[in-house]
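Understanding the architecture of this molecule
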Amino acid sequence: MPSKKLVEGLVEQMNFEFESANIYLAMAAYCQAENWDGFANFFLVQAEEERFHAMKIFHYLNNIGERAFITGCKSPNNEFQSITDCFESAYLHEKEVTKRIYALSDLALDERDHGTIHFLKWYIDEQIEEEAMFDNIIVQLKRINNDTNGMFLLDRELANRKFTPEE
């Protein structure tokens, strides 16, 4: 059974995942307003993933007999200088998510809560993928350097991204 401190950490992370969804919705709105539908799609899918991540914690808490308390989210930044700025902001945000997941995992390890350790392993693996994905897109954007053709092709590629919930 997780300690009160670990349960509170899980609840906080669940709510941070919901907040992350709002951050990505704000980025999608910016991209849409700039007529970059593919980039907007990328962030809409990312928002769906974040809600999925939050709901995994929601269900885990319920499965271990704990209550998932829902809190309010901070208003996300809605102003960006460019598509690259969006992705760089997203990358920094994912680094914060990783830091939080690692702290939760450390707490579960300290408490020898093997069920939560096992549960959080999925998030650790997910964060490695998330950071790599954002880093890769930032590298591509910097190579393109606002070249219209390159931006068009990347936008078109990201328009094909779909949300497929993984277990």
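To start, this report covers the structure provided alongside it. Only a predicted model underlies this, so the values are computations on that prediction, with no experimental measurement involved.

**A word on the nonpolar core**
- Among the nonpolar cores identified, the biggest contains 26 residues, and Phe-39, Phe-43 and Phe-87 are the most heavily contacted of them.
- Where this core is concerned, the elements lending two or more residues are helix 1 (4-33), helix 2 (37-63), helix 3 (83-110), helix 4 (114-144) and helix 5 (148-158).
- Excluding residues that lie within four positions of it along the chain, Phe-43 makes contacts with Tyr-24, Met-27, Ala-28, Cys-31, Cys-86, Phe-87, Ala-90 and Phe-134.
- By size, the runner-up hydrophobic cluster in this structure holds 23 residues, among which are Phe-52, Ala-54, Leu-104 and Leu-107.

**Some thoughts on the state of the cysteines**
- Scanning the model with the defined rule gives zero disulfides in all.
- Cys-73 takes part in no disulfide bond, and the closest cysteine sulfur to it belongs to Cys-86, at a distance of 19 Å.
- This cysteine, Cys-86, is not joined by any disulfide, and Cys-31 carries the nearest cysteine sulfur, 4.4 Å off.
- Owing to a relative accessible area of 0%, Cys-86 belongs among the buried residues under this scheme.

About the criteria used
- Residue positions are given per chain, counted from 1 along the sequence in the order it is written.
- Since the coordinates come from a predicted model, pLDDT governs what is reported: local features require at least 70, and pairs of side-chain atoms require 80 or more to be given and counted, while whole-chain, interface and lining totals use all residues.
- Hydrogen atoms and water are omitted, and side-chain values are computed over all heavy atoms in the structure.
- Throughout this description, the term nonpolar core refers to a set of buried Ala, Val, Leu, Ile, Met, Phe, Trp, Tyr and Cys residues connected via side-chain atoms within 4.5 Å.
- Residue burial is assigned from relative accessible area. The probe radius is 1.4 Å, only protein chains are included, and a residue is buried under 20% of its type maximum, exposed over 50%, and partly exposed in between.
- Strands here are runs of E lasting at least two residues and helices are runs of H or I lasting at least four, both read from the DSSP assignment and numbered beginning at the N terminus.
- Working rule for contacts: check all heavy atoms of both residues, and any pair within 4.5 Å makes them a contact.
- Two cysteine sulfurs form what is called a disulfide whenever their separation falls within 2.5 Å.

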